[in-house]
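Examination of the molecular architecture
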Amino acid sequence: MQMLTSSRQAEVVMPRSQMTWMFDQPDTILSTSEAHYEFLQGDYCFVKPIILRDPYHEHVVHKNLVRNLNAIIPDLEEEVPASVQATYGTDTEGWKKVEVMDSFMRMVPRLTNRMLVGPKLCAEQKYLDAVLGFTMDVIRTQSFLFLIPKAIHPIVGNLMSLTSKYHHWLSARFTLPLIKKRINDINKKDAGDPEYKDWTEPHDFITWSYRTAMAEGRLDETHPARISERIMPLNFAAIHTTALTAYETMINILSADPSVVESLREEAHRVLQEEGGWTKQGLSRMHRMDSAIRESQRASPIALTFIHRKVVAKEGIVTPEGVHIKHGTLLSCPWMPVAVDEEIHDGDANFDAFRYSRAREEYDAMTPEAKEKANMLKLKQSGLVTTSHQHLPFGHGRHAW
């Protein structure tokens, strides 16, 4: 199937039977970064083309996020209540009208930036307004450029990019002093400065980015200005998709039978009490919540397709069915048709919050002898962040998030 817009070549949606073939192609044939660059209008949306042309920030996150989760979770545990109170207030007596999506668009930037820039700056409203403004600029520019002929992109794109550059400039007024100080602190600590004997470097993107770039000899990525620019696409990637996912999950849960909310509350309270606080292990035990979020991603798809690749081989590529796809074409995988396919989902594509958690809870209740006979691979594949041909929101294959 082909999807067309007036501003780019056809997007070819691959059938499910050929998705494995697509994932197996090397980056020299089908490129993820080139697809992202075109799809996200990298020439105009992200301050400088190099930011998406060489997405070093993605490499930094992939290399550092998981290994630092134990340090990040306590920070988020501290930040979530403050963010919720700032958004919804603390009045338990009177009713308050809330725009759910708008509330998440205000909460998510604060939580995201706790991991990116630390506790002080993530609560600075002017900074949060700047990164949220940048996110909306990218969406606006990207959407509009899809509608107009590519021939006039250089004119319209450069004009529209002024807003995102402005919001980056506003954010850099806060991030640049912080980045410069962090680099100075790290260098003094490494040099053995006695005043920094008890100083511990924060676990955030600024530290990760500088440390990773220095270790890999990427001196161009150690400049404060470059790190400040790298923070912006991470905000874009995190804010909009996270807010959409949270919104759909909340709406689906609250629209379901009241027993769903009660069951989720019971699980959260039980795990919290047993763990003595939020931990990586505790979060991994919240099978019902994990299932409810995954099921919301399935029942309320936010996109027709996911996982884009661009044909970069000059001669093009031939599919297993013998179809020649020319150089420059975008390939993608179907998501909405897969997400609502009743053949895949046991004849019922309606929202079922605990579709993926029942088997796991049954496994936890088994005897040791019964657990040895259980299909652990199938259980592991039902997790929220476990990707597969039937679960694509986080990608799949070697470029999965």
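Residues numbered from 1 in each chain as written. Predicted model: local features only at pLDDT ≥ 70, side-chain atom pairs only at ≥ 80, totals over all residues. Heavy atoms only, no water.

1. A short note on a nonpolar patch on the surface
A cluster of nonpolar side chains, Ile155, Leu159 and Leu162, forms an exposed patch at the surface whose accessible area comes to about 330 Å². Its location among the elements puts leucine 159 in helix 8 (residues 153–190). (Patch = residues over 30% accessible without salt bridge, like charges linked within 9 Å, V, L, I, M, F, W, Y side chains within 5 Å. Areas by Shrake-Rupley, 256 points an atom, 1.4 Å probe, with all protein chains shown as cover. Salt bridge = Lys/Arg side-chain N within 4 Å of Asp/Glu carboxyl O. Helix = DSSP H or I, 4+ residues; strand = E, 2+ residues; numbered from the N terminus.)

2. As for the pattern of salt bridges
Summed over the entire model, instances satisfying the criterion amount to 29 salt bridges. Glutamate 221 is the partner of arginine 230 in a salt bridge, and the nearest nitrogen-oxygen pair spans 2.7 Å. For the pair shown, arginine 230 and glutamate 221 are each scored as buried. A salt bridge links glutamate 266 to arginine 288, with the shortest nitrogen-to-oxygen separation between them at 2.8 Å. Of this pair, glutamate 266 sits in helix 11 (residues 258–275) while arginine 288 is found in helix 13 (residues 287–299), placing the two residues 22 residues apart along the sequence. Ionic contacts of the salt-bridge type, sharing partners, join the residues Lys48, Asp54, Arg218, Asp220, Glu221, Arg226, Glu229 and Arg230 into one network. (Buried < 20%, exposed > 50% of the residue type's maximum accessible area, 1.4 Å probe, protein only.)

3. Thoughts on the packing of helix 7 (residues 125–147) against helix 10 (residues 224–255)
For the pair helix 7 and helix 10, the least separation of the axes is 9 Å and the interaxial angle reads 75 degrees. One element, helix 7, and the other, helix 10, form an angle in the roughly perpendicular class. Listed contacts from helix 10 to Tyr127, Val131, Leu132, Phe134, Thr135, Val138 and Ile139 of helix 7 are Ile231, Met232, Pro233, Asn235, Phe236, Ile239 and His240. Taken together, the residues of the contact of helix 7 with helix 10 break down into eleven nonpolar, three polar and no charged. (Axes fitted to C-alpha atoms, helices over the stretch in contact; angles between N-to-C directions. Parallel < 35°, antiparallel > 145°, perpendicular 65-115°, else oblique. Contact = heavy atoms within 4.5 Å. Nonpolar A, V, L, I, M, F, W, Y, C, P; charged D, E, K, R; others polar.)

4. Some words on the packing of aromatic side chains
Within this structure, the stated rule accounts for seven aromatic pairs. Look at phenylalanine 46 and phenylalanine 236: their rings are 5.5 Å apart centre to centre, the planes differ by 75 degrees, and that puts the pair in the edge-to-face class. Remark: phenylalanine 236 occurs in helix 10 and phenylalanine 46 occurs in the loop between helix 2 (32–39) and helix 3 (50–53); sequence separation between them is 190 residues. Exposure class is identical for phenylalanine 46 and phenylalanine 236. Each is buried. Aromatic rings pair up to connect Phe46, Phe134 and Phe236 into one cluster. When the ring centre of tyrosine 37 is taken as origin, the NZ or CZ atom of arginine 53, which lies over that ring, is 3.7 Å away. Taking NZ or CZ as reference, arginine 294 lies 4.4 Å from the ring centre of tyrosine 356, over its face. (Phe/Tyr/Trp six-rings, centres within 6.5 Å; stacked < 30°, edge-to-face > 60°. Lys NZ or Arg CZ within 6 Å of the ring centre and 35° of its normal.)

Don't take any of this as a statement about function, it's just geometry.
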